[in-house]
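Examination of the molecular architecture
In case you want the letters, here they are:
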Amino acid sequence: MLNNAGITDPQKALALNGINPALCLVGAVLGARMTEIVGRRPLLLYTIVFTSCCFAILTDTSEMSMDKPSNAAAANTTVAFIFIFTTRAKDTAVGNFASSAASTVIHYSSGPAFENIRYYFYLVFVFGDLFEAVFIYLFFPGTKDRTLEELAEVFEAPNPFKKSLEKRNAQNVMNTLHMAED
């Protein structure tokens with residue numbers, strides 16, 4: 001990916017690869033904290049759409065840096081968005097299994113894809129991420145600010161997603177906890 005961004009100096013590539021784990025640590029800590037503040041479902045939606053935008057930008061900046069190798073700004077922007085995406089991917093614990101499977105496929109397909117369709121290969125990720133966003137929006141139930149009893153009720157419902165969208169009030173919580181009002 002760095003070669004595609006016009007970064008061919010081995011020392012610069014080594015330095016950039018050395019910085020990446022530190023940025024991933026910061027992203028992981030922020031991601032863990034944001035889960036409690038924002039909630040899992042909105043966080044997944046926001047980050048997947050943001051990732052799609054990152055890949056769209058990667059497509060453009062890669063094209064610029066390949067068409068004009070002296071364009072350092074395009075190359076640097078490409079590297080920045082590669083790091084942003086990598087950090088986001090490592091922050092999403094739910095996607096670990098899918099990420100491993102996709103990485104295996106990408107590992108063996110990205111070389112030929114970059115040779116044949118060059119920077120347009122990033123568009124595969126743009127549309128893949130947008131598909132994920134729609135899937136999360138339609139099927140992932142919200143769990144923020146719910147007690148264990150309420151979570152059990154959500155996940156035991158015939159349609160957990162729909163149940164998670166029901167408005168909560170004191171009476172619903174009392175019913176969930178099997179407490180009668182006096």
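Residues numbered from 1 in each chain as written. Predicted model: local features only at pLDDT ≥ 70, side-chain atom pairs only at ≥ 80, totals over all residues. Heavy atoms only, no water.

Per an unreviewed UniProt entry, the protein goes by Sugar transporter (Hexose transporter) and derives from Metarhizium acridum. In its Subcellular location (unreviewed entry) section, UniProt records this for the protein: "Membrane". (UniProt positions renumbered as here; feature names shortened; annotations may be inferred.)

**Some words on the overall build of the protein**
For the protein, the count of helices and strands is eight helices and zero strands. In the protein, the succession of helices and strands from N to C terminus is α-α-α-α-α-α-α-α. Across the 182 residues of the protein, 33% fall into the buried class. As presented, the protein carries roughly 11,700 Å² of accessible surface, and 66% of it is formed by carbon and sulfur atoms. (Helix = DSSP H or I, 4+ residues; strand = E, 2+ residues; numbered from the N terminus. Buried < 20%, exposed > 50% of the residue type's maximum accessible area, 1.4 Å probe, protein only. Areas by Shrake-Rupley, 256 points an atom, 1.4 Å probe, with all protein chains shown as cover.)

**As for the environment of N20**
Along the polypeptide, N20 turns up in helix α1 (residues 10-38). The class for N20 is buried, based on a relative accessible area of 12%. For the pair formed by N20 and I82, sequence separation is 62 residues and the distance between their alpha carbons is 9.5 Å.

**Here we look at unusual backbone geometry**
Positive phi, close to 50°, is recorded for R118, a residue that is not glycine. Assignment of secondary structure puts R118 in the loop between α4 (96-117) and α5 (122-139).

**Brief notes about the UniProt feature "transmembrane region" (unreviewed entry) in the protein**
Under the feature "transmembrane region" (unreviewed entry), the UniProt entry names residues 12-31, 43-59 and 119-140. Secondary structure across residues 43-59 comprises 100% helix and 0% strand; the distance between its end C-alpha atoms is 24 Å.

**Examining the side chain of T59**
Mapping T59 onto the fold places it in helix α2 (residues 40-67). A distance of 2.8 Å separates a polar atom in the side chain of T59 from the backbone oxygen of F55. Excluding residues within four positions of it along the chain, T59 makes contact with Y119, Y122 and L123. (Polar contact = N/O pair within 3.5 Å; in protein donor to acceptor, adjacent residues only side chain to side chain. Contact = heavy atoms within 4.5 Å.)

**Some thoughts on the nonpolar core**
By size, the foremost hydrophobic cluster in this structure holds 19 residues, and its most contacted members are L2, I7, L16, F55, L58, V79 and Y122. For this core, the elements supplying multiple residues, two or more each, are α1, α2, α3 (72-91), α4 and α5. When residues of this core are assigned to their parent elements, the largest contribution, five residues, is made by α3. When sequence neighbours within four positions are dropped, the list of residues in contact with L16 reads L2, I7, V79 and F83. L44, L45, A133 and I136 belong to the second-largest nonpolar core, a separate cluster that totals five residues. (Core = buried A, V, L, I, M, F, W, Y, C linked by side-chain atoms within 4.5 Å.)

**Points about the pattern of salt bridges**
Enumeration according to the criterion identifies three salt bridges in this entry. Linking E153 and K163 is a salt bridge whose minimum nitrogen-to-oxygen distance equals 3.9 Å. Pair noted here: E153 is in helix α6 (residues 148-156) and K163 is in helix α7 (residues 160-165), with a separation of ten residues, a long-range link. When the shortest N-O distance is used, the salt bridge between K163 and E166 registers 3.2 Å. (Salt bridge = Lys/Arg side-chain N within 4 Å of Asp/Glu carboxyl O.)

**Quick notes on the packing of aromatic side chains**
This model, assessed by the stated rule, comprises eight aromatic pairs. Arranged with centres 5.6 Å apart and planes meeting at 70°, the rings of F114 and Y122 form a pair that is edge-to-face. Centroid distance F135 to F140: 6.2 Å. Interplanar angle 80°. Geometry classified as edge-to-face. In this structure an aromatic cluster arises from ring pairing among F55, F114, F121, Y122 and F125. (Phe/Tyr/Trp six-rings, centres within 6.5 Å; stacked < 30°, edge-to-face > 60°.)

**Let's talk about the packing of α2 against α5**
The contact between α2 and α5 brings their axes to 8 Å, and the two run at 165°. When the interaxial angle is binned, α2 and α5 end up roughly antiparallel. In the crossing of α2 with α5, the sense of the turn from one axis to the other is left-handed. The segment α2 lies against α5, with R41, L44, L45, I48, V49, T51, S52, F55, A56, L58, T59 and S62 engaging Y122, L123, F125, V126, D129, L130, E132, A133, I136, Y137 and L138. By residue class, the composition of the contact of α2 with α5 is 16 nonpolar, four polar and three charged. (Axes fitted to C-alpha atoms, helices over the stretch in contact; angles between N-to-C directions. Parallel < 35°, antiparallel > 145°, perpendicular 65-115°, else oblique. Left-handed = near helix turned anticlockwise from the far one by under 90°. Nonpolar A, V, L, I, M, F, W, Y, C, P; charged D, E, K, R; others polar.)

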